[in-house]
Amino acid sequence: MGDNSGITVRSAGRLFELPSGATAADLARAGGKSWARAVAASVEGAPRDLAHVLSDGDEVEPVPAGSEEGRHVLRHSTAHVLAQAVLDLWPGSHFAIGPPIEDGFYYDFELPGGERFVEEDLVRIEARMREIVAEGQPFVREEHDVASGTALFEGQPFKLEIIRAAAGGDGSGAGLDGEVAPAGVVSVYRNRDDFADLCRGPHVPSTAVLGHFKLLRVAGAYWRGDEKRPQLQRIYGTAWESKSALAEHLQRLAEAEARDHRRLGVELDLFHFPPEIGSGLPVFHPRGGMLRYLMEEFSRKAHLAAGYELVWTPHPSRATLFETSGHLEWYAEGMYPPMEMEGATYYLKPMNCPMHTLIYGSRSRSYRELPLRLFELGTVYRFERSGVLHGLARVRGLTQDDSHIFCSPDQLAEELARLLRFVLAMLRAFGLSDFQAELATRNPEKFVGEVSEWEFATDALRHALETAGLDYVVGEAEASFYAPKIDVHLRDAIGRRWQVSTLQVDLQLPQRFDLSYVGSDNAHHRPYMIHRALFGSVERFMALLIEHHAGALPTWLSPVQVRVLAVSSDQEAYAASVVDRLSTSGWRADTASADETLGARVRRAKMEKLPWILVVGGEDVAAGTVGVNARGSARPERGVSLEAFLATLETDGKPPVVAA
RNA sequence: GCCCGGGUAGCUCAGUGGUAGAGCAGCUCACUCGUAAUGAGCAGGUCAGGGGUUCGAAUCCCCUCUCGGGCUCCA
């Protein structure tokens, strides 16, 4: 080791000798290339400022600006700059919290006199932020005790609440994403004499490091996410390590907008939401109807092949059904209001399960029938608050590809494993592959039933996840009060997360409906019931498919698969015969008359994102061939025999096979 | 439901107190064309709906509906 006034630290496997009192920034200067773009340091695995004083023997690694952790720091620091800008521009504002989030950050404020931000304010705020960046203000960490921290944030009620929560040790400060350090230390980052913010850190050394950011939108947000508490004004922004990374992100946002299923739904003439019908209630046009039909037929066939039986149940029901099921007790606010008819009260069903239990219970069941797998594309109605409706992804009338499986306790684990394999195989058939699951476990504060039963069901779900080899996280205490479940999430082509399938082991309905089966011991036993929606809903899944494929649906799902275009009117009869031949072979083909130029018709077909365009001219009539213009290919292919094209369709256009 | 912002022709949008506009789409006619827009013409609007201010309202004010971005909730 060095002389007795020095320290030795390790970074990337190398040893560095530094004077005592040296900081991570000193190491960064000595540390070479890997430290060049460091915005913070990881010291003994803990995130620290570059100004952090190192100790002898520390293991220290750079946190580069472009890493996830580095971006986190950049975004958090940019959020502080946003707060300073707003406090400068609106003296007397209260600032609440400003954490980094995926791809950006936000900050919540309360403006004096209940004033609200408007979009135009973002320009002013951003300009002030750029001044702060240009000033190169330092981020200086200070540590206070609770008393002096409280004094520091006099007049800032939200900050004081955070300090109190942390000091009170009730753990309620823990969810506030690093605003305070633990153990009664109030850590603060100061930029100016008159601006400091409560924060655990770390931060970049200076605002000069920042600059590649953009404010995106304003929104309302409840303090601590609680709608009974004050609504604050939230500003969202994004921040990146470089101009190009910012530009790429903005490009991705534009791409996402171009893929928006609500926009493509209009452009491709798939569906719309007539105000005459009501919010969240879509109608499907012929093309969208065909897409639905293709999805649903595929689903029905796959379910039949996997040992399910199709059932059908009506949409309204007497209230007594939902009293028995418990829905009126715990789900009433999610249901359409009641209808009175001939002295009875009816409700539209919000779920299919009660009706499926009636089918199970319609006669005595033998263990030999189990597992009994009932499947329905069941349309349900839910009262969704107006603010949450979102195209097809969130509607008030939806069709679940719903199944309820009744099985004996000893079948449960195997049935769940089999079910999960089936779910994943189905999703893969639609071209989706990037899955993550969440296992939601019992909430000890809020559950009904026996703990041992919960454990049995949860273990069975875990077994299914493990045999499927699926990545999963455990959502401790995230289950609803009556059942543990697996939620399957996936990422689409541009990385957005969608929640799709849900598998739930129900401990309550079989009991509420007093379901039983006769076992080999000639005694009555209670079956388990598994709820499962695979697509989630047909509507939402359609939205996902449209966005995932950017409207260019795979051939097997394309409402129109082939457009046949005659070069001039002289070949229209031949074009019609090609359409006939394709239709006879089971393909969806149409044509467009030669009133428009060929270029215009090709353009139209391209904008409809059709997978195949066939152009037929005089040469093709003579030779019995077609010109093939495939979606996504650089140039068309001339003189292809119709047989060869049919063979191409056989490989490109057949629905996938579900191997489960 | 709450906060912010929208709603003008089928679509995308211009129009800030004084005679409702453009492009695309639609229709008609001409053109018959070899791979992403042929030309001309025509038609199309209770400016979301209701109320108010004003000599006069798409424009200003109020209410309602509806859409978008968020919060909360959720398939």
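Before reading on, note that the structure itself is shown above.
Notes on the structure in this doc start here. All figures in this text were calculated on a predicted structure; none of them were measured in a lab.

**Some words on the protein's contact with RNA strand B**
For step 1, the next point in the chain: Not every one of the 58 residues close to RNA strand B is listed here, only the nearest: Arg-217, Gln-231, Glu-384, Ser-386 and Arg-394.
For step 2, the next point in the chain: The sugar-phosphate share of atoms of RNA strand B within 4 Å of the protein amounts to 50%.
For step 3, the next point in the chain: Between RNA strand B and the protein, one listed contact pairs a base nitrogen with a backbone N or O atom of Gly-387 at 3.4 Å.
For step 4, the next point in the chain: Val-395 is positioned with one of its backbone polar atoms (N or O) 3.0 Å from a base nitrogen of RNA strand B.
For step 5, the next point in the chain: Where the surface near RNA strand B is concerned, the elements lending two or more residues are β12 (213-222), β13 (231-239), β25 (497-506), α17 (598-607), α18 (618-623) and β32 (625-630).
For step 6, the next point in the chain: Top element by residues in the surface near RNA strand B is α17. It accounts for eight residues.
For step 7, the next point in the chain: Class assignment of the residues belonging to the surface near RNA strand B gives a composition of 19 nonpolar, 21 polar and 18 charged.

**Brief notes about helix α8 (residues 286-305)**
For step 1, the next point in the chain: Under the 1.5 Å per step criterion, the end-to-end length of α8 is 28 Å for 20 residues, consistent within 8% with the ideal 28 Å.
For step 2, the next point in the chain: Where the residues of α8 are buried, they touch β15 (283-284), β20 (372-381), β21 (397-407), α12 (412-429), β28 (528-533) and α15 (538-548).
For step 3, the next point in the chain: Of the residues trailing α8, Gly-307 is marked for its positive phi of about 90 degrees.

**Here we look at unusual backbone geometry**
For step 1, the next point in the chain: For the bond running from Leu-370 to Pro-371, omega is -5 degrees, close enough to zero to count as cis.
For step 2, the next point in the chain: Secondary-structure assignment places Pro-371 in the loop between α11 (353-360) and β20.
For step 3, the next point in the chain: One non-glycine residue, Ala-12, lies in positive phi territory at about 50 degrees.
For step 4, the next point in the chain: Along the chain, Ala-12 falls in the loop between β1 (6-11) and β2 (14-19).
For step 5, the next point in the chain: Even without a glycine there, the phi angle at Lys-609 is positive, about 60 degrees.
For step 6, the next point in the chain: Its place among the elements puts Lys-609 in the loop between α17 and β31 (612-616).

**Some points on the packing of α8 against α12**
For step 1, the next point in the chain: Where α8 contacts α12, the axes come no closer than 12 Å and their chain directions differ by 145 degrees. Our pair here, α8 against α12, has a crossing hand that is right-handed. Counted together, Phe-298, Ser-299, Ala-302 and His-303 of α8 and Phe-422, Met-426 and Ala-429 of α12 form the full contact between these two elements.
For step 2, the next point in the chain: Considered class by class, the residues forming the contact of α8 with α12 number five nonpolar, two polar and no charged.

**As for the sheet that holds strand β19 (residues 344-348)**
For step 1, the next point in the chain: As summarised here, the arrangement of the three strands in space is β17-β19-β18, forming an open sheet in which the pairing is antiparallel. The open sheet has two edge strands with one neighbour each: β17 (316-318) and β18 (339-341). Averaged over all adjacent pairs, the angle separating strand axes in this sheet is 40 degrees, with direction ignored.
For step 2, the next point in the chain: Of the strand pairs in this sheet, β17 and β19 are connected by three bridges, and their pairing is antiparallel. Paired with Pro-316 across the two strands is Leu-348, which belongs to β19.

Calculation rules
- Residues numbered from 1 in each chain as written.
- Chains lettered and ligands numbered in written order.
- Predicted model: local features only at pLDDT ≥ 70, side-chain atom pairs only at ≥ 80, totals over all residues.
- Heavy atoms only, no water.
- Near = heavy atom within 4 Å.
- Polar contact = N/O pair within 3.5 Å; in protein donor to acceptor, adjacent residues only side chain to side chain.
- Helix = DSSP H or I, 4+ residues; strand = E, 2+ residues; numbered from the N terminus.
- Nonpolar A, V, L, I, M, F, W, Y, C, P; charged D, E, K, R; others polar.
- Expected span 1.5 Å × (residues − 1).
- Contact = heavy atoms within 4.5 Å.
- Axes fitted to C-alpha atoms, helices over the stretch in contact; angles between N-to-C directions.
- Left-handed = near helix turned anticlockwise from the far one by under 90°.
- Pairing = 2+ DSSP bridges.

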